[in-house]
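Listed below, chain by chain, are the residues.
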Amino acid sequence: MSKFNSDYIIMMDDIVREGAPILRVVTEPVSVPPTEEDREEMAAMLRFLKNSQDPETAKKYNLRAGVGLSANQIGLNKRMFAALLTDDQGHPREIAMYNPKIISHSTAMIYLPESEGCLSVDRPVQGFVPRYEKVQVKAYDEQGNEVKLRFKGYDAIVMQHEIDHLNGIMFYDHINKEHPFKLPSGVQISSLY
């Protein structure tokens, strides 16, 4: 049984840091519908994101704010991730995806002007990370139903960042090695902000 049950409070010490081999593996699909253990682990991951985004709780437990967390970032070789986004009205939007896959994307691309951050990376990383402006993701929910969701802008960046984790890819792998602030040519690309 995994220690990451729905009562477990994930701390920064539980987050696997860059250099750990688990962050470079293509994760294993989970069963559909997800097992009780998978669902408990997902609940713990979502709770971590809520705690990390709550200033008081984050300060109490010394957590870095996160919007997404993939299973391999807590050492689990499982194809699932949690995200805590904000909808247009400013309300939290919980995302729990099992076996997610990008099935379509825009040709237009975007990037965050201040680069991307990652809970597994403790150092500042400079450079632009080109991402698709819009993505459609196919995944399974807690009940094992197939879902298809569309994301754009910042939310699309989060989806691509987390699905990359599940494929053993770090965000800085997308940064141009010789010229970190050079953008890809031949595509429509703009800064998100």
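Heads up: these notes are all about the structure in this document. (Residues numbered from 1 in each chain as written. Predicted model: local features only at pLDDT ≥ 70, side-chain atom pairs only at ≥ 80, totals over all residues. Heavy atoms only, no water.)

### Let's talk about the pairing of strand S7 (residues 146-152)
When strand S6 (residues 134-140) meets S7, the two strands line up antiparallel, connected through 7 bridges. Looking at the pairing, Val 135 lines up with Phe 151 of S7. Turn length for the S6-S7 hairpin, with the two strands adjacent in sequence and antiparallel, is 5 residues, and the turn residue Gly 144 shows positive phi of about 90 degrees. (Pairing = 2+ DSSP bridges. Helix = DSSP H or I, 4+ residues; strand = E, 2+ residues; numbered from the N terminus.)

### Overview of the layout of surface pockets
As a volume, the largest pocket reaches approximately 340 Å³. Along its surface, the largest pocket is lined by 21 residues, and Val 67, Gly 117, Cys 118, Tyr 154 and His 161 are the ones closest to its centre. Top contributing element to the lining of the largest pocket by residue count: helix H3 (residues 154-166), with 6 residues. For the lining of the largest pocket, the per-class residue count stands at 9 nonpolar, 8 polar and 4 charged. Of the volumes computed, that of the second largest pocket is approximately 210 Å³. Lining of the second largest pocket is provided by Thr 86, Asp 87, Asp 88, Arg 93, Arg 150, Phe 151, Lys 152, Gly 153, Tyr 154 and Asp 155. Elements supplying a minimum of two residues to the lining of the second largest pocket: S7 and H3. Top contributing element to the lining of the second largest pocket by residue count: S7, with 3 residues. Tallied by class, residues from the lining of the second largest pocket come to 2 nonpolar, 2 polar and 6 charged. (1 Å grid on protein atoms, 1.4 Å probe; cavity = no way out; pocket = protein on both sides within 12 Å on 5 of 7 lines; lining within 4 Å. Points joined across faces, edges and corners; volume = space filled by probe spheres on them. Nonpolar A, V, L, I, M, F, W, Y, C, P; charged D, E, K, R; others polar.)

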